[in-house]
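So you can see what is in the structure, the chains are spelled out below.
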Amino acid sequence: MDISIKNIAEEEVTADTLVLPFFENNSAAFYDHLDSLIGGFIRKALHSKEFTGKHKQLTLLHVQNIKAGRVLLAGLGKQSDLTAERIRQTGGKALAYLRDIGASGIAVSNGVFKKTAGDSLNLREAKNKPMYYFLEGGLLGLYKFEKFRKAENGKEVKSVSILAADKDIPLRKLRAAVDAVNFARDLVNTPSNSMTPETLGSIALSLSGKKIRVKVLERKEAEKEGMGAYLSVAGGSAESPRFIVVEYKGGKGAPLVLIGKAITFDSGGISIKPAEGMEKMKYDMAGGAAVLAVMRAASELEPEMNIIGLLPAAENMPGGTASKPGDVVRTITGKTVEIISTDAEGRLTLADAIGYAIKHYKPMGMVDLATLTGACSIALGGEAIAMMGSGPELMESLKKAAEETHERVWQMPLYDEYRDYIKSDVADLKNAGGRNGSLVTAGYFLREFSGDTPWVHLDIAGTAWNDKDRPYLPKGASGIGVRLMLDLLEGLCSSEK
Ligand code: BES
Ligand code: MN
Ligand code: ZN
């Protein structure tokens, strides 16, 4: 798809569809000139109150006398309520609607923003680039997953341009971020028979390049590293595990390590899950997908820092060779774990990945992204990532990135008292502490492995999958964590300078 900025007037647009964003009840004058050219139909839509500019409202007009045959009026809501997120949502709704009615070339006017540029647009977010957000939401909203069937209507948007003089809008960055989110969505939506640990390994290898080195450890090598907890998860599966290491070298100093839970299917193992909804457990590798996507974007955007991506990939299945409740396994750190539930598998894989990161990289910080607990969705629904950690500065940076990207994080406590919840009678720890506090005891379990290295755990179980369409998040895999991480990296790089 072609994405561009064009410094031309609305009436010069050659695309088949022109989008005009409106504030609620006060944008009548912004498109006067254009409206008089097309015969006053915009004014009519406004006067009849058929279109008021209410947030996410859309009205399509067929017009003549200008090159575009159609004009879409798109509501941004009240100017005083404007946020980056509301702009994204309008962009997402507008472009997906236009795709569905067969628009192929789309141009978006920045009329309202240009004429209110002197006013405060009430955008708290640092960049204050309304058209950036419109395009971001728009492009993210066009995503569809059609890998396993013929596309329903084959309709596709071929070009999107924004009408602005503003060459500061960072299109390259926008493109890389949107492509990365959609890449992650594709990985997650792909079912587990087509997305095995081995597949993930070869996709990771395909990222190898100038600044990226990829290592994929197989069972033998992981055994040599002593990652017994991780390997125990793969024990019942015919799919062999892959411990994936992606190294990005873009600067000096200790790296930031990103760890993504990468269970390609979570049946629960011997502690098997109920049948209902089990098909969704293909999304248990959403953290890993996000990490791979971030590494891919890094190879394009080349941030000046070092980043390591780790994906302890495995499939969690029951079977004669599966681990069993009561088994004790040894992690790379030497700590032993009693397996209470084979369904608390994510933390077993992450514990070894955290240990591996410390052993091999002495990181400046570690962030893990994981669909770790059902309790995360119960606590926060689909509205925020649950954040816990031992790195207060890293958590502050993440809160900032969350505000900018609207991939919101909500901090949960790691009280010392939780230690008792995961005390085992036979091993150093047990992997499940019962129903109460299961969101935070999962975090606390990981804390036992992170030592003195600043570390943050992001539970994305509630946000990685949408059962319903959202304005720029089509139903299915959301790609959560990708924009959040990219914004975090950007923040870390600029604070270095
Ligand atoms: N992958 C699941 C968590 C999950 C559940 C993610 C639903 C997304 C939607 C994880 O491996 C799991 O099974 N967690 C258990 C832990 C329990 C056995 C301590 C849970 O949260 O129920
Ligand atoms: Mn599980
Ligand atoms: Zn899981």
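Predicted model only: the values in this text are computed from it and were never measured.

To continue, consider the coordination of the zinc ion (ligand 3). Protein coordination at the zinc ion (ligand 3): the donors are K261 (NZ), D266 (OD), D284 (OD) and E345 (OE), at 2.0 to 2.4 Å from the metal. One way to put it: the six donor atoms around the zinc ion (ligand 3) meet at angles of 79 to 173 degrees, and that makes the site octahedral. Between consecutive donors of the zinc ion (ligand 3), the numbers of intervening residues give the motif K-x4-D-x17-D-x60-E. Between the zinc ion (ligand 3) and the manganese ion (ligand 2) the interatomic distance comes to 3.1 Å, and D266 is a ligand of both metals. A residue is classified by how much of its surface remains accessible, and K261, at 1% relative accessible area, is buried.

Our focus in this paragraph is unusual backbone geometry. At N65, a position not held by glycine, the phi torsion is positive, near 75 degrees. If you trace the backbone, N65 turns up in the loop between β3 (58-62) and β4 (70-75). Of the residues examined, N65 reaches a relative accessible area of 62% and is grouped as exposed. A positive phi is found at E302, a non-glycine position, where the angle reads about 50 degrees. You can see E302 is positioned in the loop between α10 (286-301) and β11 (306-316). Since its relative accessible area comes to 31%, E302 is described here as partly exposed.

For the rest of this paragraph, the subject is the packing of helix α6 (residues 171-189) against α10. In the contact formed by α6 and α10, the axes pass within 8 Å of each other and the chain directions differ by 150 degrees. Between α6 and α10, the angle falls in the class roughly antiparallel. In this structure, α6 meets α10 at a crossing whose hand is right-handed. Counting all contacts with α6, which are made through R172, K173, A176, D179, A180, F183, A184, L187 and V188, the residues of α10 involved are A286, A289, A290, L292, A293, R296, A297, E300 and L301. Residue composition of the contact of α6 with α10, grouped by class: 13 nonpolar, no polar and five charged.

Looking now at the side chain of E11. Considering the arrangement of structural elements, one finds E11 in the loop between β1 (2-6) and β2 (17-22). Owing to a relative accessible area of 18%, E11 belongs among the buried residues under this scheme. Reaching out from E11, the side chain makes a polar contact with the side chain of H33 at a distance of 3.0 Å. For E11, the contacting residues outside a window of four places in its chain are H33, L34, L37, I66 and K67.

Looking at ligand 1, there are 16 residues lining it, with K273, D284, D343, E345 and G374 nearest. In this structure, G374 approaches ligand 1 through a main-chain N or O atom, which is 2.8 Å from an oxygen atom. Surface burial for ligand 1 is 79%, taken as the share of its 520 Å² of free accessible area covered by protein chains.

The next point concerns the coordination of the manganese ion (ligand 2). Here the manganese ion (ligand 2) is held by D266 (OD), D343 (O), D343 (OD) and E345 (OE), and the distances to it run 2.1 to 2.2 Å. Classification of the site at the manganese ion (ligand 2) as irregular follows from its six donor atoms and the range of 72 to 169 degrees in their angles at the metal. Counting gaps between the donor residues of the manganese ion (ligand 2) yields the pattern D-x76-D-x1-E. A relative accessible area of 23% places D343 in the partly exposed class. Using a relative accessible area of 1% as the deciding quantity, one classes E345 as buried.

On to the pairing of β11. Counting buried positions over the 11 residues of β11 gives 11, a clear majority of the element. By the alternation rule, side chains of β11 split into N306, I308, L310, P312, A314 and N316 and I307, G309, L311, A313 and E315, which are all buried. Sheet topology places strand β8 (residues 242-249) next to β11; eight bridges connect them, and they run antiparallel. Bridge pairing in β11 places I244 opposite L311. Relative to β11, strand β9 (residues 256-260) runs parallel, the two being bridged by four bridges. The partner of L258 across the bridge, within β11, is G309.

Reading the values: the criteria
Residues numbered from 1 in each chain as written. Chains lettered and ligands numbered in written order. Predicted model: local features only at pLDDT ≥ 70, side-chain atom pairs only at ≥ 80, totals over all residues. Heavy atoms only, no water. Donors = N, O, S within 2.8 Å, 3.2 Å for Na, K, Ca; no water. Tetrahedral: all angles 85-135°; square planar, octahedral: opposite > 155°, others 65-115°. Buried < 20%, exposed > 50% of the residue type's maximum accessible area, 1.4 Å probe, protein only. Helix = DSSP H or I, 4+ residues; strand = E, 2+ residues; numbered from the N terminus. Axes fitted to C-alpha atoms, helices over the stretch in contact; angles between N-to-C directions. Parallel < 35°, antiparallel > 145°, perpendicular 65-115°, else oblique. Left-handed = near helix turned anticlockwise from the far one by under 90°. Contact = heavy atoms within 4.5 Å. Nonpolar A, V, L, I, M, F, W, Y, C, P; charged D, E, K, R; others polar. Polar contact = N/O pair within 3.5 Å; in protein donor to acceptor, adjacent residues only side chain to side chain. Near = heavy atom within 4 Å. Areas by Shrake-Rupley, 256 points an atom, 1.4 Å probe, with all protein chains shown as cover. Pairing = 2+ DSSP bridges.

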